[in-house]
Amino acid sequence: ATLQAVERSLATVYTIGIFDASDQDADPGFLRHLARITGGEAFLPKVPDELEGIADKIGADIRARYTLGFSPADRRLDNHYVASSRSFPRLPGSS
């Protein structure tokens, strides 16, 4: 039921698994699955020094997902602003 709720939420989940080598309960497969079904990515760093790069990669991915662009049909540089309006449907669970 929890995985279905995550899928319905439309949230992108990035997982970072930090496990002790002797941990019998470690389940990196679950972390990979959770990330995959939500469009995120799973990270399983071997050493703590990898964490900064992982955080940078996640941040870059998040910023890239929410970029809007506009290119006018008339490309003359006439120093005029172009009025534009966009509406997006409210996602379930958003406020």
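Treat the numbers as computed from the prediction; the structure is a model and nothing was measured. (Residues numbered from 1 in each chain as written. Predicted model: local features only at pLDDT ≥ 70, side-chain atom pairs only at ≥ 80, totals over all residues. Heavy atoms only, no water.)

Quick look at the overall build of the protein now. Within the protein, the secondary structure is distributed over 3 helices and 2 strands. In the protein, buried positions account for 13% of the 95 residues. Sequence separation of 24 or more characterises 60% of the internal contacts of the protein that already satisfy a separation of 6 or more. (Helix = DSSP H or I, 4+ residues; strand = E, 2+ residues; numbered from the N terminus. Buried < 20%, exposed > 50% of the residue type's maximum accessible area, 1.4 Å probe, protein only. Contact = heavy atoms within 4.5 Å.)

With that out of the way, let us pick up helix H3 (residues 51-65). With 15 residues, H3 should cover 21 Å at 1.5 Å per step; its first-to-last C-alpha distance of 21 Å lies within 8% of that length. Burial in H3 covers these residues: Ile54, Ile58 and Gly59. Along the long axis of H3, the arc covered by the buried residues comes to 130°, so they all point the same way. Away from its buried face, by an angle of more than 90 degrees, H3 presents the exposed residues Glu52, Arg63 and Ala64. On its buried side, H3 packs onto strand S1 (15-16) and strand S2 (42-43). (Expected span 1.5 Å × (residues − 1). Arc of directions from axis to C-beta.)

Quick look at the pattern of salt bridges now. With the rule as written, the count across this model stands at 1 salt bridge. Among the ionic pairs, Glu41 bridges to Lys57, the shortest N-O distance being 3.5 Å. Here Glu41, found in the loop between helix H2 (28-38) and S2, pairs with Lys57, found in helix H3; they are 16 residues apart in sequence, far enough to count as distant. The class of Glu41 is partly exposed, set by a relative accessible area of 32%. (Salt bridge = Lys/Arg side-chain N within 4 Å of Asp/Glu carboxyl O.)

A positive phi angle, near 65°, is found at Leu10, a position not held by glycine. Among the structural elements, Leu10 can be located in the loop between helix H1 (2-9) and S1. Judged by relative accessible area, which is 55%, Leu10 ranks as exposed.

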